[in-house]
Amino acid sequence: MRLLTHFDQPVDDAQHSFRRILKALSEPGVLVSLPAVTGWQPLNPATTSILLTLADQDTPLYLDASIYLASPSDVEISTHRDSDILQQNLRFHTGAPLATSSATASFALFGETVTVEQLATCPTGDELSPEHSATVMIQTDSLHHGVPLRLRGPGIEHSRTIAPQLPAAVLDYLLNRPVAFPAGLDFLLTCGENLMAIPRTTHVEVC
């Protein structure tokens, strides 16, 4: 197994990363940077930091196959090699079991081709057990050049305007919220070393 690099200072960096993730979740739409770490291709640095910080043996992780097609090599043998190396390192460094379906995942990672149907399979919890919902991570090319959105809700004094480049399925979910609060999906959007969160408590509308 080829081990990939992780946090330089595992305890301190993980604690710092955890605080930054909490800031993103408590202040929806605010851009935060996570501790520097080499991204585990095809994961970007921010997604890698999040998984090193939050994933463990009690959080099944689903990796959609489409994220491997976003890597520099789309050659089948290279894709399988990247997939094997990534999965081996996730198991070694985090202990998180890899889910074969997003329906059983605590964390689900998708690329920009995610569909409405795929989001619909993610656990959303219910009124009595909202903690059983999944956190959905989306890797995007930009957190600035998408459709302008206005956010309202907890952690936002009045409103906040953002424009992340979102897949159509994610934008549709956020605007229509098919599952009533307190159930629903929380979204972590990553680009490079940066993170933006849109939790289920946030009301989203197009500007």
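Residue positions are counted from 1 within each chain, in the order its sequence is given. At least 70 in pLDDT is required for a residue's local features to be given in this predicted model, at least 80 for side-chain atom pairs to be given and counted, and no such filter applies to totals for whole chains, interfaces and linings, which use all residues. Only hydrogens and water are removed before side-chain values are computed, so all heavy atoms of the structure are retained for them.

Participant: Describe the environment of Gly-153, listing the residues and the values that go with them.
Facilitator: The way it works is that DSSP assigns letters per residue, a run of H or I at least four long becomes a helix, a run of E at least two long becomes a strand, and they are numbered from the N terminus. Position of Gly-153 among the secondary structure elements: in the loop between strand E5 (149–152) and strand E6 (160–162). Exposed residues in this analysis have more than 50% of their type's maximum accessible area, buried residues have under 20%, and partly exposed residues fall in between, with area computed by a 1.4 Å probe over protein chains only. Judged by its relative accessible area of 28%, Gly-153 is partly exposed.

Participant: Account for the sheet that holds E5, with residues named and values stated.
Facilitator: What the 3 strands build is an open sheet, ordered E6-E5-E9; its pairing is antiparallel. Of all strands in the sheet, those with a lone pairing partner are E6 and strand E9 (203–206), marking the two edges. Each strand axis lies, on average, 30° off the axis of its neighbour in the sheet, ignoring direction. Direction of pairing for E5 relative to E9: antiparallel, over a ladder of 4 bridges. When the bridges of E9 are listed, Arg-150 appears paired with Glu-205. Strands were regarded as paired on the criterion that DSSP finds at least two bridges between them. Only C-alpha atoms enter the line fits that serve as axes; for helices the fit covers just the stretch in contact. Angles between N-to-C directions range over 0 to 180 degrees.

Participant: Can you explain the packing of helix H1 (residues 10–26) against helix H2 (residues 45–54)? Please cite residues and give values.
Facilitator: The N-to-C vectors of H1 and H2 enclose an angle of 105°; their axes lie 9 Å apart at closest approach. As far as their axial angle goes, H2 and H1 are roughly perpendicular. Counting all contacts with H1, which are made through Ala-14, Ser-17, Phe-18 and Ile-21, the residues of H2 involved are Ser-49, Ile-50, Thr-53 and Leu-54. Each residue is assigned to one class: nonpolar for Ala, Val, Leu, Ile, Met, Phe, Trp, Tyr, Cys and Pro, charged for Asp, Glu, Lys and Arg, and polar for all the others, Gly among them. For the contact of H1 with H2, the class distribution of residues is 5 nonpolar, 3 polar and no charged. In these notes the angle categories are as follows: under 35 degrees is roughly parallel, over 145 is roughly antiparallel, 65 to 115 is roughly perpendicular, and the rest is oblique. Whether two residues touch is decided by their heavy atoms; if any such pair falls within 4.5 Å, the residues are in contact.

Participant: Any chance you could break down the nonpolar core for me, citing the residues and the numbers?
Facilitator: Throughout, nonpolar core names a set of buried Ala, Val, Leu, Ile, Met, Phe, Trp, Tyr and Cys residues whose side chains join them through atoms within 4.5 Å. With 29 residues, the main nonpolar core has Leu-61, Leu-63, Met-137 and Leu-195 as its most contacted residues. Of all the secondary-structure elements, those providing two or more residues to this core are H1, H2, strand E2 (61–63), helix H3 (76–94), strand E3 (107–110) and strand E8 (194–198). Once residues lying within four places of it in the same chain are set aside, the contact partners of Leu-195 are Ile-21, Ala-24, Val-30, Leu-31, Val-32, Leu-34, Ile-50, Leu-143, Leu-188, Leu-189 and Thr-190.

Participant: Residue-level account of the side chain of Thr-135, with values.
Facilitator: Here Thr-135 shows up in strand E4 (residues 135–139). The class of Thr-135 is buried, set by a relative accessible area of 17%. With residues up to four places along the chain from it excluded, the contact list for Thr-135 reads Ser-106, Phe-107, Ala-108, Asp-186 and Leu-188.

Participant: Give me the lowdown on the sheet that holds strand E7 (residues 186–191), citing residues and values where you can.
Facilitator: Sheets are built from strands paired through backbone hydrogen bonds, the pairs being either parallel or antiparallel. On the basis of which strands lie adjacent, the open sheet formed by 6 strands has the order E1-E8-E7-E4-E3-E2 and mixed pairing. Both edges of this open sheet fall to strand E1 (32–33) and E2, since each of them pairs with a single strand only. Pairing analysis gives 3 bridges linking E2 to E3, with the strands arranged parallel. Among the inter-strand pairings, Tyr-62 is bridged to a residue of E3, identified as Ala-108.

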